[in-house]
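Okay, here's what each chain looks like letter by letter:
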Amino acid sequence: MTSESAIRESLPTGAVGRVQSVRMKGAVAILVVDAAGLTRPDAERLETEIRANVLRVDGVDDVRIALTAEKRERHIIAIGSGKGGVGKSTLTANLAVALAASGIRTGVVDADIYGPSQPTLLGTQDEKVVASADKVLTPTSSAFGVKTLSMGQLIEPGRAIAWRGPMVGGALTQLMEADWGDTEVLLVDLPPGTGDVQLTMLQKFRPSGAVVVSTPQDLALIDATRALDLFGQAKVPVLGLVENMAGYMCPHCGELSDPFGHGGAEAAAQALGHPFLGRIPLSIEIRLASDAGQPPAAQDTPQGEAFRAIAARIASVIRTVQAEGG
Ligand SMILES: Nc1ncnc2c1ncn2[C@@H]1O[C@H](COP(=O)(O)OP(=O)(O)OP(=O)(O)O)[C@@H](O)[C@H]1O
Ligand SMILES: [Mg+2]
């Protein structure tokens, strides 16, 4: 005990607030040092100084220093819906692109093991996923500044997957516990539905927030309520609801019409006491650009603007949490 406090006292001023833990193992001092925000040479200089000082402490024969570049907190945000095909994956990819463009280091985990779509949406199908010797995966990076990992990159495209539950859990763990480096926000594209897989995933990885996607129809909204219940059960705070395919945007004149009505999700959000994050129009351009691996959020169009507006709302929630030291 005394040597641990002596070590803390010996630390150079540059290490103040950065040393996360000090432990003695026999005569070896083991320190974990947060190097977030430091350049590599600065981090190395700090490490050398710490080592020199700690070696002078009585009873210390050797020093082991682990530098972590990890922020104290990474925000994991799950994107879910009660019903399939409402646009979770499209929203996830575009939120990620918009968040990255606003300077937030963003990653995407495609948790849809059976129907991965992120490689197509972000155009990373051809990128190989690399695992290190200790089986830790390194995410690929897309042209839009977003890191991604997806089962779609681990299996051959088009191959049917008939995995059993425990294997799915194992695969997901590998994706979540990959080398995400200094990623600040990790968006998780959940598979459709509100079953056990989703609940386990939420309980195991404890996202800091969730976004629920719905289309405007009443039936889809009932499903959205189910998704809200799922997040409630897992004690994951709901950041808000997004209405997708709200109003049809005519590819010729840009006029909005309302095949499914719109505003249902906003009213539902209000009734259920959750924030409404915005709506994305039903637009053929969104589908075409998405299929081509060109996320609309990277384009200067009304559709792109719709995604960016939602991303900005999410970013402001994240910043508030960060400012509160959460
Ligand atoms: N706003 C939109 N306008 C036009 N097409 C859209 C829009 N949002 C999504 N789509 C299209 O709808 C289809 C389903 O979208 P997506 O794959 O994102 O849904 P999902 O909820 O992730 O589906 P799943 O439940 O199967 O995972 C895709 O072909 C996508 O391009
Ligand atoms: Mg999907």
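For clarity, every value in this text was computed on a predicted model and none was experimentally measured.

J.: What is the right way to read the pattern of salt bridges from this model?
T.: Any two side chains of opposite charge can pair, on the condition that their charged atoms come close. As enumerated under the stated definition, the model contains 10 salt bridges in all. Where Glu184 meets Arg105, a salt bridge forms, and the shortest distance between an N and an O atom there is 3.9 Å. Residue Glu184 is found in the loop between helix H6 (165-176) and strand E10 (185-189), and its partner Arg105 is found in the loop between helix H3 (88-101) and strand E5 (106-110); the two are separated by 79 residues along the sequence. A residue is classified by how much of its surface remains accessible, and Arg105, at 35% relative accessible area, is partly exposed. For the salt bridge of Arg279 with Glu243, the shortest nitrogen-to-oxygen distance reads 3.0 Å. In this pair, Arg279 is assigned in strand E14 (residues 276-282) and Glu243 in strand E12 (residues 238-249), connecting sequence segments 36 residues apart. Residue class for Arg279 comes out partly exposed when judged on its relative accessible area of 28%. Here Glu243 falls in the buried class, since its relative accessible area comes to 0%. One continuous salt-bridge network, built from bridges that share partners, spans Arg105, Asp182 and Glu184.

J.: How do you make sense of the side chain of Asp34 when you look at a structure like this?
T.: Looking at the element boundaries, Asp34 is found in strand E2 (residues 28-34). A distance of 2.9 Å separates a polar atom in the side chain of Asp34 from the backbone nitrogen of Ala36.

J.: For this particular structure, what's the right way to read the UniProt feature "binding site: ATP" (unreviewed entry) in the protein?
T.: On the UniProt side, "binding site: ATP" (unreviewed entry) is annotated at positions that read Gly82, Lys83, Gly84, Gly85, Val86, Gly87, Lys88 and Ser89 here. Relative to the helices and strands, Gly85 resides in the loop between strand E4 (75-80) and H3. Relative accessible area serves as the criterion here: at 66%, Gly85 is assigned to the exposed category. In contact with Gly87, other than residues within four places in its own chain, are Val213 and Asn244.

J.: Explain the sheet that holds strand E1 (residues 19-25) here, please?
T.: What holds strands together in a sheet is hydrogen bonding between their backbones, with the strands either parallel or antiparallel. Taken together, the 3 strands give an open sheet; going across it, the order is E1-E2-E3, and neighbouring strands pair in mixed fashion. Because the sheet does not close on itself, it has two edges, and the strands there are E1 and strand E3 (62-68). Along the sheet, successive strands turn relative to each other by an average axial angle of 15°, direction set aside.

J.: What is the right way to look at the side chain of Glu4 in this model?
T.: For Glu4, the location among the structural elements is in helix H1 (residues 2-10). Despite being buried, Glu4 has no salt bridge partner; Arg8 is the closest side chain of opposite charge, sitting 6.6 Å away. Polar contacts involving the side chain of Glu4 include one to the main-chain amide nitrogen of Met24, which spans 3.2 Å.

J.: How do you make sense of the environment of Leu137 when you look at a structure like this?
T.: Residue position: Leu137 is located in strand E7 (residues 137-138). Under the relative-accessibility criterion, Leu137 is labelled buried at 5%. For the pair Leu137 and Leu202, spaced 65 residues apart in sequence, the C-alpha separation works out to 21 Å. Apart from residues no more than four positions distant in its own chain, Leu137 is found in contact with Val129, Val130, Ala131, Leu149, Leu154, Gln174, Leu175, Ala178 and Asp179.

J.: Can you walk me through the packing of helix H8 (residues 218-233) against helix H9 (residues 264-272) in this structure?
T.: Geometrically, a packed helix pair is captured by the angle between its two axes and the distance between the axes. Between H8 and H9, the least distance of the axes is 11 Å, while the angle of their chain directions is 40°. In this view, H8 runs oblique relative to H9, as classed from their interaxial angle. Along this stretch, H8 crosses H9, giving a crossing that reads as right-handed. When H8 is examined against H9, the residues Leu221, Thr225 and Leu228 are found in contact with a partner set consisting of Gly264, Ala265, Ala268 and Leu272. The residue makeup of the contact of H8 with H9, split by class, is 5 nonpolar, 2 polar and no charged.

Conventions and cut-offs
The residue numbering used here restarts from 1 in each chain and proceeds along that chain's sequence as written. To label them, take the chains in the order written and letter them from A, then take the ligands in the order written and number them from 1. Where local features are concerned, this predicted model is filtered to residues with pLDDT of at least 70; where side-chain atom pairs are given and counted, the filter is 80 or more; whole-chain, interface and lining totals use all residues. Processing note: side-chain calculations cover all non-hydrogen atoms of the structure and skip hydrogens and water entirely. Salt bridge, as applied in this entry: a Lys or Arg side-chain nitrogen positioned within 4 Å of an Asp or Glu carboxyl oxygen. Put simply, DSSP marks the helices as runs of H or I at least four residues long and the strands as runs of E at least two long, and each gets a number from the N terminus on. Each residue gets one of three labels from its accessible area relative to the maximum for its type: buried under 20%, exposed over 50%, partly exposed in between, using a 1.4 Å probe on protein chains only. Pairs of N or O atoms are called polar contacts if they sit within 3.5 Å, as long as, within protein, a hydrogen donor faces a hydrogen acceptor (for residues adjacent in sequence, only side-chain-to-side-chain pairs). UniProt positions are given in the numbering used here, feature names are shortened, and annotations may be inferred rather than shown by experiment. Any two residues whose heavy atoms approach within 4.5 Å at even a single point are treated as in contact. Strands were regarded as paired on the criterion that DSSP finds at least two bridges between them. Note on geometry: axes are C-alpha line fits, over the in-contact stretch for helices, and angles between N-to-C directions span 0 to 180 degrees. Note that His is not counted, nor are the chain ends; the positive residues are Lys and Arg, and the negative ones are Asp and Glu. Here roughly perpendicular refers to angles of 65 to 115 degrees, roughly parallel to angles under 35, roughly antiparallel to angles over 145, and oblique to all remaining angles. Less than a right angle of anticlockwise turn of the near helix away from the far helix marks a crossing as left-handed, whereas a clockwise turn marks it as right-handed. Three residue categories are used. Nonpolar comprises Ala, Val, Leu, Ile, Met, Phe, Trp, Tyr, Cys and Pro, charged comprises Asp, Glu, Lys and Arg, and polar comprises the others, including Gly.

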